[in-house]
Amino acid sequence: MMALSDYIHTFGQFMLRRHGQRVHKIALDAGFTCPNRDGSKGIGGCTFCNNASFSPNGRNAPSIASQLASGRRAIAKRTRARRFIAYFQAYTNTYASVQQLDALYREALSEPDVIGLAVGTRPDCVPDAVLDLLAGYRAEGMEVWLELGLQSAFDETLARVNRGHGLAEYQTAVVAARRRGIPVCAHLILGLPGESDAHYHTSLDTVLALGVDGLKLHPLHVVKGTLLANQWRRGEYSPLAMRDYLRIAADLIERTPAHIVFHRVTGTAGKDILLAPTWCSQKWNVLNGIEGELRRRNHRQGQFAQDPHYAKEWAYVA
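Caption draft 1: Summary view of the pattern of salt bridges. Throughout the structure, instances matching the rule amount to 20 salt bridges. Across the pair Asp213 and Arg178 runs a salt bridge, and its minimum N-O distance is 3.1 Å. A residue pair is termed long-range when its members are at least 10 positions apart, and Asp213 in the loop between helix H7 (197-210) and strand E6 (214-219) and Arg178 in helix H6 (residues 167-179) qualify at 35 residues. Here Asp213 falls in the partly exposed class, since its relative accessible area comes to 22%. Arg234 serves as the salt-bridge partner of Glu236, at 2.7 Å between the closest nitrogen and oxygen. Pair check on accessibility: Glu236 and Arg234 agree, each one exposed. Where salt bridges share partners, they join Asp251, Glu254, Glu293, Arg296 and Arg297 into one cluster.

This is the structure we're talking about:
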């Protein structure tokens, strides 16, 4: 029986080959805020952002140590993993002084079974001092991934969702990070307002052209407490159907070079806050659907990565 990892280069398989054992990420909420919420860049955040959709602890976050302990227990029920990546996930996890960041990161790294960090942040919040800090952990032998939430390569889309940054900030950040040898995982959202297949393909092409080591694909979902929810209620936004997401994700996977690591190919939200589409609460149905679509096509990651005709076919025309 085939698995998704038979068709794409997954983070789990990458870690297994690299370390000879299973390595899992444990998502952490370190209590950060965001410059797009506290007034320095904007107020209210992105139109789709309610961090409870990916932060299980909400805003009353327990200590790093207790979150790691909870994560270990949850993972133990599913796999036998004994090594972990501390994934600083909620909000902007480089949005503090270097001294504060070092203290938080070191708290996680001090756990004997934590072998590294994945740090989720915005492209406009990674100054040189933060990159130097992350590079220092790599020099100590730690796994380090910088996860940059680009979401779209189109400035008009980013403005439409009140993102507070553009492509230029991403380009600056990714070049500076990779110059220091820090692996970068870029996040792309499918289904953003006003975008079509051509936008998604061009965003992928842009990320690949700038250089990237990992990718995350997410479907845009509508959650409570967001401006997007109001737009959806008024009929101003319609989310992707599951069949369209499966098709688009498979298209992008085919065009991604085989060496790039997919950290994720879908995203979910809890049923308590999810408004639409309902299929975004069904992680395994989506993963199985992507695997099934690739199996149906008999295609794998990288199938069209070097095909200039295919790339030209999807070139975006403004």
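Caption draft 2: Structural detail: the confidence of the model for the protein. Across the protein, the average pLDDT comes to 90, with 89% of residues at or above 70. Within the model, pLDDT remains below 50 along residues 53-59, and this stretch shows 19 contacts once partners closer than five positions in the same chain are excluded. Across residues 308-318, where pLDDT falls below 50, the model places 16 contacts with residues more than four positions away in sequence or in other chains.

Caption draft 3: Structural view of the packing of helix H9 (residues 242-254) against helix H10 (residues 283-297). Axis separation between H9 and H10 bottoms out at 9 Å; the angle between their running directions is 60°. Regarding the angle of H9 to H10, the classification is oblique. Judged by the twist between their axes, the crossing of H9 over H10 is right-handed. Side by side, H9 and H10 meet where Met242, Tyr245, Leu246, Arg247, Ala249, Ala250, Asp251, Ile253 and Glu254 of the first sit next to Asn285, Val286, Gly289, Ile290, Glu293, Leu294 and Arg297 of the second.

Caption draft 4: Broad picture of H10. In a regular helix each residue adds 1.5 Å, so 15 residues correspond to 21 Å; H10 covers 21 Å between its end C-alpha atoms and thus fits that length. Buried within H10 are the following residues: Val286, Leu287, Gly289, Ile290, Glu291, Gly292, Glu293, Leu294 and Arg297. Turning to H10, the residues buried within the fold contact H9. Two residues or fewer past H10, Asn298 is found with a positive phi of approximately 60°.

Caption draft 5: Here's a closer look at the packing of H6 against H7. Between H6 and H7, the shortest axis-to-axis distance is 10 Å and the interhelical angle comes to 35°. Seen along the crossing, H6 lies across H7 with a hand that is right-handed. Across the interface between the two elements, Leu167, Tyr170, Gln171, Val174 and Arg178 from H6 touch Thr206, Val207 and Leu210 from H7. Taken together, the residues of the contact of H6 with H7 break down into five nonpolar, two polar and one charged.

Caption draft 6: Local environment of the packing of aromatic side chains. A full pass over the atoms with the stated rule returns five aromatic pairs. Note on Phe11 and Trp145: the rings are 6.3 Å apart at their centroids and 75° apart in plane angle, and the pair reads as edge-to-face. On the criterion of sequence distance, the pair formed by Phe11 in helix H1 (residues 11-19) and Trp145 in strand E4 (residues 143-151) is long-range, its members being 134 residues apart. Of the residues examined, Phe11 reaches a relative accessible area of 7% and is grouped as buried. A relative accessible area of 3% places Trp145 in the buried class. Both rings, one in Phe14 and one in Trp145, keep their centres 6.3 Å apart while their planes meet at 80°; by these two values the pair is edge-to-face. Of this pair, Phe14 sits in helix H1 while Trp145 is found in strand E4, placing the two residues 131 residues apart along the sequence. By relative accessible area, which is 21% here, Phe14 ends up partly exposed. Members of the aromatic cluster, each reached through a chain of ring pairs, are Phe11, Phe14 and Trp145. Between Lys25 and the ring centre of Phe11, over which it is positioned, the NZ or CZ distance is 4.7 Å.

Calculation notes
Residues numbered from 1 in each chain as written. Predicted model: local features only at pLDDT ≥ 70, side-chain atom pairs only at ≥ 80, totals over all residues. Heavy atoms only, no water. Salt bridge = Lys/Arg side-chain N within 4 Å of Asp/Glu carboxyl O. Helix = DSSP H or I, 4+ residues; strand = E, 2+ residues; numbered from the N terminus. Buried < 20%, exposed > 50% of the residue type's maximum accessible area, 1.4 Å probe, protein only. pLDDT = per-residue confidence, 0-100. Contact = heavy atoms within 4.5 Å. Axes fitted to C-alpha atoms, helices over the stretch in contact; angles between N-to-C directions. Parallel < 35°, antiparallel > 145°, perpendicular 65-115°, else oblique. Left-handed = near helix turned anticlockwise from the far one by under 90°. Expected span 1.5 Å × (residues − 1). Nonpolar A, V, L, I, M, F, W, Y, C, P; charged D, E, K, R; others polar. Phe/Tyr/Trp six-rings, centres within 6.5 Å; stacked < 30°, edge-to-face > 60°. Lys NZ or Arg CZ within 6 Å of the ring centre and 35° of its normal.

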